[in-house]
Amino acid sequence: KLAAPRQEAKAVLPHTAYQVDFVSVNCGRIVAASKRRIRFKFGYTNQEALTAGKTGQECRGSEHEVVITWSLSSGKQSIAFDLHEI
């Protein structure tokens, strides 16, 4: 019998999320407080840059945006991820 070739286990680094921006505004057309919009911008670190020992701006990976909008008067709600409504 032939022995199976040895497979080396690769270290799996967890994805690390970081916050880029957060904004919360009252945006109603007639009464500003009747509608709210929250925007989150976040990103995931660049794993290749981290394993190469880089830090700071060099480690920024893919960045995304989530926007939540809702009307307090009608109850209508919407959620968008990277400008695509879900």
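Above this note sits the structure.
Per chain, the residues get numbers from 1 upward, laid out in the order the sequence is written. Since the coordinates come from a predicted model, pLDDT governs what is reported: local features require at least 70, and pairs of side-chain atoms require 80 or more to be given and counted, while whole-chain, interface and lining totals use all residues. Only hydrogens and water are removed before side-chain values are computed, so all heavy atoms of the structure are retained for them.

Enquirer: So what's going on with the sheet that holds strand 3 (residues 60-71)? Which residues, and what values?
Expert: Criterion used throughout: strands pair if DSSP finds at least two bridges between them. In this text, helices come from DSSP runs of H or I with a minimum length of four residues, and strands from runs of E with a minimum of two, each type numbered from the N-terminal end. Within the open sheet, the five strands sit side by side as 1-2-3-4-5. Their pairing is antiparallel. Two strands in the sheet have a free side with no partner beyond their single neighbour: strand 1 (17-26) and strand 5 (84-85). As defined by bridge partners, strand 1 adjoins strand 2 (residues 35-45) across nine bridges and the pair is classed as antiparallel. The residue of strand 2 that forms the bridge with phenylalanine 22 is phenylalanine 40.

Enquirer: Could you give an account of the pairing of strand 2, naming the residues involved and the relevant values?
Expert: Note that strand 2 and strand 3 share 10 bridges and pair antiparallel. Of the residues in strand 3, the one forming a bridge with isoleucine 38 is isoleucine 68.

Enquirer: Describe in detail the packing of aromatic side chains, supporting the description with residues and values.
Expert: Aromatic pairing here means that ring centres of Phe, Tyr or Trp (its six-membered ring) are within 6.5 Å. Orientation follows from the plane angle: under 30 degrees is stacked, over 60 is edge-to-face, and everything else is tilted. The final tally for this structure, using the stated rule, is two aromatic pairs. Both rings, one in phenylalanine 22 and one in phenylalanine 40, keep their centres 5.3 Å apart while their planes meet at 45°; by these two values the pair is tilted. Separated by 18 residues along the polypeptide, phenylalanine 22 in strand 1 and phenylalanine 40 in strand 2 bring together distant segments of the chain. With a centroid separation of 5.7 Å and an interplanar angle of 90°, the aromatic rings of phenylalanine 42 and tyrosine 44 are classed as edge-to-face.

Enquirer: Tell me about the pairing of strand 3, and please be specific about residues and values.
Expert: Looking at chain direction, strand 3 and strand 4 (residues 77-81) are connected through five bridges and run antiparallel. Across the sheet, residue threonine 69 finds its bridge partner in strand 4, namely serine 78. Following strand 3, the chain reverses through five residues before pairing antiparallel with strand 4; glycine 75 in that reversal takes a positive phi of roughly 85°.

Enquirer: Which residues make up the pattern of salt bridges, and what values go with them?
Expert: Oppositely charged side chains can pair when the atoms bearing their charge come close. Salt bridge criterion: a side-chain nitrogen from Lys or Arg within 4 Å of a carboxyl oxygen from Asp or Glu. Enumeration over the complete set of coordinates arrives at three salt bridges. Between arginine 39 and glutamate 65 there is a salt bridge, with its nearest N and O atoms 3.5 Å apart. Separated by 26 residues along the polypeptide, arginine 39 in strand 2 and glutamate 65 in strand 3 bring together distant segments of the chain. When the shortest N-O distance is used, the salt bridge between arginine 60 and glutamate 63 registers 2.6 Å. Between buried and exposed lies partly exposed: a residue is buried under 20% and exposed over 50% of the maximum accessible area for its type, with that area taken using a 1.4 Å probe on protein chains only. For glutamate 63, a relative accessible area of 36% gives the class partly exposed. Where salt bridges share partners, they join Asp21, Arg39 and Glu65 into one cluster.

Coordinates in, geometry out; function isn't part of it.
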